[in-house]
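Results of the structural survey
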Amino acid sequence: MDRTAIVTGASSGIGAEVARELARRSWRVAVVGRNPERTEAVAKSINATAFVCDFDSLDNVRNLAEELTQRFDRIDAVVNNAGGIVAKRQESIDSHELTLQRNVLGSVVLTERLVPKLLHTRGRVIHTSSMVSRLGKIELDDLGFSYRRFGAGWWPYASAKLGVILYARSLAMRTGLESYPVHPGYVRSGFGAESRSGKAILSLTGWMQISPEAGAAPLVHLVDTPELGVENGTYFDGLTPDGPTHPAAADRDFVTAYWRKIAELVGTPVEHHHAT
Ligand SMILES: NC(=O)c1ccc[n+]([C@@H]2O[C@H](COP(=O)([O-])OP(=O)(O)OC[C@H]3O[C@@H](n4cnc5c(N)ncnc54)[C@H](OP(=O)(O)O)[C@@H]3O)[C@@H](O)[C@H]2O)c1
């Protein structure tokens, strides 16, 4: 039976290479992207199925979850990779700050709806975080940076990527599903192209970037290695477990408090049945 992986942000950069490599390893892949042409092109090139979804609308994500549930008899892995930095403060149609919605809330809505399928296969969830999560500044009553410094999007981005780690850990704690957040490396991709500060940083540090294939490697490893031999919820810096991250990521009470807050924001149940 074909193992099935859902890969978001698969229309370009790291996600496209994750989709490509998993397909090469005989996984059945759902290529999820925002831009229809790019998503179709990647899917076509690896003989996979394209799913177009804009995470800026949570209803769109709910529809995607429904479509995937109907379409696939089994789901063995979800790679929550869609995301990026948003240079100016904006709110989604759901009234959430866009960085938070694109990097965290969309993945939360998708994943929580796929939990029953994942429990069935004892599937895994991989979450693309970032080393900048170390700089995250999470205040539970201001996840959307409505009164704190926006910093051309870098503070909300760092905080959302810390949120990705917190959500990954909460998923592991609540459901027993294997769930790993990962920093892919500093990767040459479409990242930062919409932001002036992103472009400026790129022009100075572009030489340090690794290829999208190299950035995809840790994600593929986490999806496709049968026994990882680490504690569930471990944060990976590339291929290295227990990478340096924010102290809040080790605080189980804070993980739970963050989960309760985002569950409330997206209107999803707080508890889930455990896999064991
Ligand atoms: N590049 C790095 O150095 C680096 C480092 C650490 C973490 N990351 C993270 O790695 C992940 C992949 O980024 P990348 O570097 O590969 O950049 P990328 O080439 O810009 O890819 C970003 C992907 O996310 C999708 N996406 C963005 N906003 C979306 C939305 N509103 N709804 C649905 N999909 C959306 C994009 O879809 P479309 O192209 O179809 O619009 C694209 O497939 C991101 O989460 C990023 O934050 C990157």
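To keep things clear, this report deals only with the structure shown in the data block. (Residues numbered from 1 in each chain as written. Predicted model: local features only at pLDDT ≥ 70, side-chain atom pairs only at ≥ 80, totals over all residues.)

1. Details of the overall build of the protein chain
Convention followed: For helices the rule is a DSSP run of H or I covering at least 4 residues; for strands it is a run of E covering at least 2, with both sets numbered from the N terminus onward. Only the C-alpha atoms count toward the radius of gyration. The rule for a globule is 2.2 Å times the residue count to the power 0.38. Partly exposed residues are those whose C-beta has more than 12 but fewer than 20 other C-beta atoms within 10 Å; with 20 or more the residue is buried, with 12 or fewer it is exposed, and the C-beta atoms are placed from the backbone.
Within the protein chain one finds 8 helices and 8 strands. For the protein chain, whose C-alpha radius of gyration is 17 Å, the value lies close to the compact-globule estimate of 19 Å for 276 residues. For the C-alpha atoms alone, the extent of the protein chain along its principal axes is close to 50 × 40 × 35 Å. Buried residues in the protein chain amount to 49% of all 276 residues.

2. Comments concerning the sheet that holds strand β2 (residues 28-33)
This is how it is decided: Here, any two strands with at least 2 DSSP bridges between them count as paired.
Pairing is mixed across the open sheet formed by 8 strands, whose spatial order is β3-β2-β1-β4-β5-β6-β7-β8. Single-partner strands in this sheet number two, and they are β3 (49-52) and β8 (240-241).

3. As for the packing of helix α5 (residues 154-175) against helix α8 (residues 252-266)
Test applied: Axis lines are fitted through C-alpha atoms, for helices just across the contact stretch, and the angle between N-to-C directions can take any value from 0 to 180 degrees. Here the word oblique covers every angle except those under 35 degrees (roughly parallel), over 145 (roughly antiparallel) and from 65 to 115 (roughly perpendicular). The contact criterion used here is simple: two residues whose C-beta atoms, placed from the backbone, lie within 7 Å are in contact.
Put simply, α5 and α8 touch, their axes get as near as 9 Å, and they point 100 degrees apart. Between α5 and α8, the angle is such that the two are roughly perpendicular. Of α8, the residues touching α5 (which contributes Gly163, Leu166, Tyr167, Arg169, Ser170 and Met173) are Val255, Thr256, Tyr258, Trp259 and Ile262.

4. As for the pairing of strand β6 (residues 178-183)
Using the following cut-off: A crossover counts as right-handed when, viewed with the strands pointing away from the observer, the path leading from the first strand over the helix to the second turns clockwise.
Across the 6 residues that make up β6, a large majority, 6, are buried. On β6, burial covers both faces: Glu178, Tyr180 and Val182 on one face and Ser179, Pro181 and His183 on the other are all buried. Regarding the hand of the β-α-β motif, the stretch spanning strand β5 (residues 124-128), α5 and β6 is right-handed. Pairing of β6 with strand β7 (residues 236-237) involves 2 bridges; the strand directions are parallel. The residue of β7 that forms the bridge with His183 is Asp237.

5. Comments concerning the site of the ligand
To keep things clear, this is the line we draw: Put plainly, near means the residue's C-beta atom, positioned from the backbone, lies within 6 Å of the molecule or strand in question. All residues other than Ala, Val, Leu, Ile, Met, Phe, Trp, Tyr, Cys, Pro, Asp, Glu, Lys and Arg, Gly among them, are scored as polar; the first ten of these are nonpolar and the last four charged.
Surrounding the ligand, one finds 29 residues, the nearest of these being Gly9, Gly13, Gly83, Ser189 and Gly190. At the level of secondary structure, the elements contributing two or more residues to the shell around the ligand comprise α1 (13-24) and α2 (36-45). Looking at which element gives the most residues to the shell around the ligand, the answer is α1, with 3 residues. For the shell around the ligand, the class distribution of residues is 8 nonpolar, 16 polar and 5 charged.

6. Regarding the packing of helix α3 (residues 58-71) against helix α4 (residues 98-121)
Our working rule: In this scheme the crossing of two helices becomes right-handed for a clockwise turn of the near helix relative to the far one and left-handed for an anticlockwise turn of less than a right angle.
The N-to-C vectors of α3 and α4 enclose an angle of 25 degrees; their axes lie 9 Å apart at closest approach. Overall, the two elements α3 and α4 adopt an arrangement that is roughly parallel. Classified by chirality, the crossing of α4 by α3 is right-handed. Here α3 contributes Leu58, Val61, Arg62, Leu64, Ala65, Leu68 and Thr69 to the contact with α4, which in turn contributes Leu105, Gly106, Val109, Leu110, Arg113, Leu114 and Lys117.

7. Things to note about helix α7 (residues 212-224)
Formally: A helix is expected to reach a length of 1.5 Å times the quantity of its residues less one. A residue's bend is simply the angle between two axes: one fitted to the seven residues ending at it, one to the seven starting at it.
Under the 1.5 Å per step criterion, the end-to-end length of α7 is 18 Å for 13 residues, consistent within 8% with the ideal 18 Å. The largest bend in α7 comes to about 30 degrees, at Pro218. When we look at burial in α7, the residues that qualify are Pro212, Gly215, Ala216, Ala217, Pro218, Leu219, Val220, Leu222 and Val223. Turning to α7, the residues buried within the fold contact β1 (4-7), α1, β4 (77-80), β5, β6 and β7.

In short, geometric facts, not functional conclusions.
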